[in-house]
Amino acid sequence: MLKKIVVGPLTRANNSCFVEVLVENKKVVDARCSGIFFRGFELIMEGRDPRDASYLTQRICGICSSAHGITASLALENAAGVRPPKNGNILRNLIFGADFLQNHIRHLYLFSLSDYITGPEVAPFIPGYSTDKRLKEETNNSMIQHIFESIEISRLAHDLVTLLGGKAPFPHGILSGGSTVFPTADVMMAFKSKLRRVNDFIKNAMLSDVFTLAEVYSDYYQIGCRAPNMLEYGIFPRNEEEGDRYFPGGAVINGMLQKVDPSVIQEHVSKSWYSADSESRHPFQGKTVPDREKEGAYSWVKAPRYMETPMEGGPLAQLWIKGDYRKGISTMDRIVARALVAEKIGALMESWVDELEPGQPIFTPFEVPREASGIGLTGAMRGPLGHWIYIKNGRIVHYQIITPTAWNFSPRDDSDRKGPVEEALIGTPIADESQPIEIGRVVRAFYVCSSCSAQVMIPGSPVREIILQ
Amino acid sequence: MKQFSKKSRPPVIWLGTNTCAGDMLSLLNSLEPGYQSLITDLIDFRFNYLLGSAEGDTATGVLKAVTEEQRGKYILVIEGTIPTRTNGLYCVVGNRDGKPLTALQAVRELGGGARHVVAAGTCASFGGPYAAAPNPSESVPVQAVLDRKVINVPGCPINPDWMMGTLVHLVQYGEPELDGFNRPKIFYGDTIHDICQRRAYFEDGIFAEKPGDPWCMYKIGCKGPVTYADCPNRQWSGEHLSWPVKANTPCIGCTSPEFPDGDAPFFEHLPDINLPGIKISANRFARLAGAATAFGISIHLIGSILTGRVADTIKKDFSGGISRKLLSIIKNTDGKRYGGKN
Amino acid sequence: MKLRQRVSLLIRGKKPRHSGTARLLHWLYAPAVLGSALSGFYIHWPGSSLGFRKMNTARETHFFAQFTLLFTYIARVMYGLKGKNYREILPNRKTLSDMAKFLKYEFYLTDKEPKFPKYNPGQKVLFTGMVLFVLIQIITGLSLYFPKSWQKTAKLVGGLNPLRKLHFLSALTISILVTGHLYFVFTHEYKKMKSIFTGYE
Ligand code: HEM
Ligand code: SF4
Ligand code: SF4
């Protein structure tokens with residue numbers, strides 16, 4: 001007998017989403033993920049000044065805002081044929097890096113951990129599920145302690161963003177042409193000492209907490225698995241030449257690493273609420289015409305495919321492609337990889353601070369081209385992020401954005417192939433159908449960027465929908 | 001975990017609608033009081049879409065419980081716009097009886113029984129980025145769907161202090177004094193420009209020519225003169241370290257009701273001019289208007305010269321008119337001819 | 001011959017074209033408009049060659065000119081209402097038919113110069129336009145100057161940015177009207193131009 005479980009809203013993710021699974025013999029046999037809200041940023045960008053993109057597109061996401069800032073900056077720089085000076089590039093990397101740390105710390109402690117520990121007895125940590133909490137009380141309490149410390153530390157990471165970017169989220173210091181705060185000794189001293197505090201926390205608390213989880217919940221190395229199909233565009237340009245990145249890009253198809261070719265990316269919309277002709281398209285031609293009543297569709301997320309393959313992005317893919325971590329592709333691997341990436345970025349940032357040259361330029365002035373097109377690609381906190389910009393008469397005439405969540409959380413494509421989260425959910429054991437805590441664990445490890453916390457069940461109450469097939 | 005007296009802490013529902021979560025994340029950046037102290041000392045944070053442990057029906061169940069049990073007591077905070085397209089289906093916040101519960105429905109229902117309704121962020125207050133043209137989700141601000149007063153705490157995102165301060169005010173002293181846009185005057189009482197550290201540069205005409213120049217940002221589109229907020233004094237984020245002008249970039253006016261459509265392009269002084277069918281930048285428009293005037297006048301002048309009208313005017317008024325009169329006055333002759341009495 | 005007699009020679013005992021009050025006000029608000037426009041456009045394009053060297057000088061000039069304009073505008077409107085001379089300025093039913101004749105002449109379709117009472121239809125439209133746009137300028141300007149107490153105006157047009165845009169667009173319009181006015185004054189009848197100084201043609 002098949003049972004349908006809907007988790008809606010799936011909270012503790014950035015933006016609303018629903019997850020719907022079919023369970024048979026206590027195992028997930030089918031899954032559908034839907035993004036349940038629509039804003040239409042690509043339409044909103046049309047007609048605007050291209051320089052506004054690096055500020056406005058940041059508003060897509062509050063937790064990874066600087067990723068959009070960077071990508072939009074790269075896209076316009078690509079169109080205008082300009083690169084930031086060395087200092088500008090490093091400063092932008094530092095702001096972006098600090099936002100990474102903020103994001104990874106908050107994701108683990110505020111979004112994910114509630115799935116594994118018994119949280120503090122205070123709203124909004126209560127109510128929650130009570131099943132399958134395996135930690136010893138002592139360990140559990142130390143993690144609660146870390147949750148509150150992490151709030152302090154992630155705030156500190158955002159203050160790092162503020163120091164060089166003016167504010168956080170949505171720093172102004174990331175824009176086409178470079179960055180804007182001079183790396184004077186006083187600023188960099190403050191930056192470095194705050195950064196050290198963040199890094200200490202990552203080393204002393206975050207890593208050990210993650211390894212504890214990995215030990216206690218080791219079965220999650222076998223849950224949330226999928227084939228090694230991964231995509232990353234590379235993070236943190238190494239110098240003025242933007243192609244060379246500290247975290248290299250790559251496409252992994254069935255475990256084979258290849259170079260990324262953005263021209264084979266297609267966006268499918270047959271299961272998404274867009275009325276574009278159901279033909280799949282390259283982002284430069286992609287169309288966004290929303291149609292909520294479209295037959296057969298179930299998500300606002302489009303389904304991007306790389307050579308017809310659903311690709312997963314995020315810390316695990318980043319490390320896998322870099323060659324630093326190639327164990328497995330599972331829920332626990334994703335969680336561990338996130339902490340490791342945070343540690344690596346933190347260490348890199350300390351070295352970047354020393355590379356800055358006070359007194360040297362930080363911004364390259366440039367003319368907005370009358371007519372041009374550009375691509376900006378970077379790795380974001382959750383995976384590959386791309387902006388495609390097309391400029392005419394000095395204004396944006398077409399803008400296309402493919403977010404990491406579109407890759408990870410994509411619905412089925414034109415040939416009915418599942419998205420990565422949907423794939424990973426298959427086979428997940430569900431011990432107690434009224435408290436399907438396993439679903440959230442698998443989904444959140446991907447880092448879905450949806451303020452969504454999904455499931456239809458109230459603990460203890462009967463499963464609502466039973467479908468007989 | 002120690003619990004403080006529950007009685008003194010009003011229940012708070014923080015509902016995310018069409019949002020990027022930036023406002024809630026910004027609130028997490030509050031230094032004093034921090035988040036921990038907020039949820040243990042100040043408020044009873046019953047529902048939070050971003051940080052709540054509950055998911056699915058447990059989460060929507062909390063909403064139901066609070067509205068029913070705490071009518072008239074809870075504070076409702078909305079973050080994000082309310083889409084109205086296709087009956088609000090462009091934003092769903094949960095499931096109810098197997099049907100999607102839209103943000104539109106939820107806000108209307110929750111808004112009725114709340115002690116205070118607070119719109120957190122520019123989206124919820126005024127529409128903001130997600131209601132920007134062409135407003136694909138037909139989004140509206142909270143006030144547009146509720147008949148009661150909504151306290152607007154705009155900002156994209158809100159400064160942690162603006163939200164924390166408003167909450168503390170509501171809990172301890174009730175509703176703060178509001179301005180014409182229902183913004184608390186304690187935070188939105190002055191324009192950025194009036195309290196800006198670079199005001200002296202402005203008055204002396206020392207202007208930045210590009211982002212990254214450490215002077216007044218007026219010429220690269222600073223919206224400080226037309227934006228209400230206390231960023232220059234308060235600064236961002238938790239530790240009050242910086243703000244956009246201090247970071248050598250223009251203020252983009254994110255607390256204003258017209259953000260972003262009414263004040264973009266961000267790096268231009270004036271917003272675009274929307275004529276039927278085309279959008280044109282203010283400076284371009286001014287140049288075109290000037291050119292058209294100059295062109296019109298030159299054509300007319302050429303016409304007047306060619307048709308001899310200019311020559312006629314000069315002949316008529318100078319030779320026959322003023323000049324002869326002036327002459328007569330100076331010479332004191334010929335007075336009678338003009339009917340004057342000698 | 002005494003001075004009075006010399007002056008009376010000029011005036012031929014006619015009724016003056018412009019009364020003393022009208023002339024006085026004209027010579028107060030004319031420089032005020034000019035000053036507002038120059039300083040205003042400098043505020044818009046600081047650093048441009050509009051005769052100012054610092055933002056502050058431009059803003060002080062704007063301040064001085066804007067309030068001169070405000071008070072003389074009020075005085076001129078009151079004077080116009082009192083003496084009913086607003087009728088000479090505002091277009092009436094006849095203006096439309098007159099306009100056709102007037103435009104025909106101005107566009108060189110006929111050589112016969114039509115005669116009109118005090119102001120021709122072109123002038124009427126021009127002056128009425130100025131009356132309207134200076135009013136807009138005063139309202140938007142005051143709302144920019146007193147943004148707190150005049151917040152209602154900002155609310156009406158959607159915020160301070162749109163208000164600023166309106167002020168700028170209306171400044172452009174006024175500048176075009178003034179340019180047109182000056183053009184006609186300098187190329188049409190000089191005796192009429194004289195009358196704004198002396199009162200008489
Ligand atoms: C013919 C009359 C006027 C003209 C042509 C004029 C023109 C201008 C222009 C072009 C600007 C710059 C706008 C911008 O780009 O931001 C400006 C600013 C301004 N105007 Fe006027 N204006 C006139 C009358 C007035 C009046 C009557 C007032 C107030 C009673 C006023 C108050 C202001 C204020 C407060 C500003 C902003 C200046 C600042 O930022 O310091 N203006 N004006
Ligand atoms: S106001 Fe800004 S921060 Fe708040 S939800 Fe809207 S875009 Fe996000
Ligand atoms: S930087 Fe902006 S707010 Fe500050 S003085 Fe200049 S224009 Fe005003």
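Not measured: the values here are computed from a predicted model.

**Brief notes about the site of ligand 2**
Stage number 1. Around ligand 2 lies a shell of 14 residues, among which Thr19, Cys20, Asp23, Cys123 and Cys156 of chain B are the nearest.
Stage number 2. Near ligand 2, residues from chains A and B are present, making the site a shared one.
Stage number 3. When contributions to the shell around ligand 2 are tallied by element, the ones reaching two or more residues are α1 (22–28) and α5 (121–126) of chain B.
Stage number 4. Classifying every residue of the shell around ligand 2 by side-chain character gives seven nonpolar, five polar and two charged.

**Observations regarding empty space enclosed by the protein**
A water-sized probe rolled over the atoms picks out the places where empty space is left.
Stage number 1. Within this structure, the stated rule accounts for 12 cavities of 30 Å³ or more.
Stage number 2. The space that makes up the second largest cavity amounts to roughly 120 Å³.
Stage number 3. In the lining of the second largest cavity, the residues fall into 10 nonpolar, four polar and one charged.

**Re the packing of helix α3 (residues 55–82) of chain C against helix α6 (residues 121–145) of chain C**
Residue and element names in this part refer to chain C.
Stage number 1. Packing of α3 against α6 brings their axes to within 11 Å, and their N-to-C directions diverge by 130°. Considered as vectors, α3 and α6 are oriented oblique to each other. Crossing angle aside, the handedness with which α3 passes α6 is left-handed. Two secondary-structure elements touch here, α3 through Phe63, Gln66, Phe67, Leu69, Leu70 and Tyr73 and α6 through Val131, Val134, Leu135, Ile138, Leu142 and Tyr145.

**Some words on the domain arrangement of chain C**
All names here are of chain C.
Stage number 1. Domain annotation of chain C identifies domain 1 (21–85) and domain 2 (89–201).
Stage number 2. A C-alpha centroid distance of 15 Å is found between domain 1 and domain 2.
Stage number 3. Between domain 1 and domain 2, the residue contacts involve 17 residues of the former and 20 residues of the latter.
Stage number 4. The contact between domain 1 and domain 2 buries some 1,500 Å² in all, and 74% of this surface belongs to carbon and sulfur atoms.
Stage number 5. At the boundary of domain 1 with domain 2, the tally comes to one residue pair in polar contact (both at pLDDT 80 or more).
Stage number 6. For the side of domain 1 that touches domain 2, the secondary structure elements donating two or more residues are α2 (20–44) and α3.
Stage number 7. With eight residues, α3 is the single largest residue contributor to the side of domain 1 that touches domain 2.
Stage number 8. For the side of domain 1 that touches domain 2, the class distribution of residues is 10 nonpolar, five polar and two charged.

**Thoughts on the domain arrangement of chain B**
By convention, interface size is frequently given as the accessible area that disappears when the constituent parts associate.
Residues and elements named next belong to chain B.
Stage number 1. The domain architecture assigned to chain B consists of domain 1 (7–188) and domain 2 (192–333).
Stage number 2. Inter-centroid distance (C-alpha atoms) of domain 1 to domain 2 is 40 Å.
Stage number 3. Between domain 1 and domain 2, the residue contacts involve 23 residues of the former and 18 residues of the latter.
Stage number 4. Both sides of the domain 1 and domain 2 interface together cover about 1,600 Å² of buried area, and 62% of this is carbon and sulfur.
Stage number 5. Applying the counting criterion to the domain 1 and domain 2 interface returns one salt bridge.
Stage number 6. Notably, a salt bridge pairs Asp161 with Arg234, separated by 3.1 Å at the nearest N-O pair.
Stage number 7. At the surface where domain 1 touches domain 2, the tally comes to seven residue pairs in polar contact (both at pLDDT 80 or more).
Stage number 8. Those elements that place two or more of their residues in the side of domain 1 that touches domain 2 are α5, α6 (160–173) and α7 (185–188).
Stage number 9. Here the side of domain 1 that touches domain 2 is built from residues that sort into 15 nonpolar, six polar and two charged.

Calculation criteria
Numbering of residues starts from 1 in every chain and runs along the sequence as written. To label them, take the chains in the order written and letter them from A, then take the ligands in the order written and number them from 1. Two thresholds apply to this predicted model, a pLDDT of at least 70 for residue-level local features and 80 or more for giving and counting side-chain atom pairs, whereas whole-chain, interface and lining totals are computed over all residues. The basis for every side-chain value is the complete set of heavy atoms in the structure, and neither hydrogens nor water enter the calculation. Throughout, the term near means that a residue has one or more heavy atoms lying within 4 Å of the molecule or strand in question. Working definition: helices are DSSP H or I runs of at least four residues, strands are E runs of at least two. Numbering for both runs from the N terminus. Three classes are used: nonpolar for Ala, Val, Leu, Ile, Met, Phe, Trp, Tyr, Cys and Pro, charged for Asp, Glu, Lys and Arg, and polar for all others, with Gly counted as polar. Think of a 1 Å grid over the protein atoms and nothing else: a 1.4 Å probe that fits but is trapped marks a cavity, an open set flanked by protein within 12 Å on at least five of seven lines marks a pocket, and residues with an atom within 4 Å of a point count as lining. Grid points are joined across faces, edges and corners, and a volume is the space filled by probe spheres set on the points. Interaxial angle, 0 to 180 degrees, is taken between N-to-C directions of lines fitted to C-alpha atoms, where a helix line uses only the stretch in contact. When describing relative orientation, an angle under 35 degrees is termed roughly parallel and one over 145 degrees roughly antiparallel, while 65 to 115 degrees is termed roughly perpendicular and anything else oblique. In a left-handed crossing the near helix is turned counterclockwise from the far helix by less than a right angle, and in a right-handed crossing that turn is clockwise. Should any heavy atoms of two residues lie within 4.5 Å, those residues are considered in contact. Residue ranges assigned to the domains are those given by an automatic or database domain assignment. By buried area we mean the combined loss of accessible area, with a 1.4 Å probe, across both parts when two parts are placed together. Each polar contact in these results corresponds to two N or O atoms within 3.5 Å; when the atoms are within protein, one needs to be able to donate a hydrogen and the other to accept it, and residues that are neighboring in sequence are counted only if both atoms are side-chain atoms. Any Lys or Arg side-chain nitrogen located within 4 Å of an Asp or Glu carboxyl oxygen qualifies as a salt bridge.

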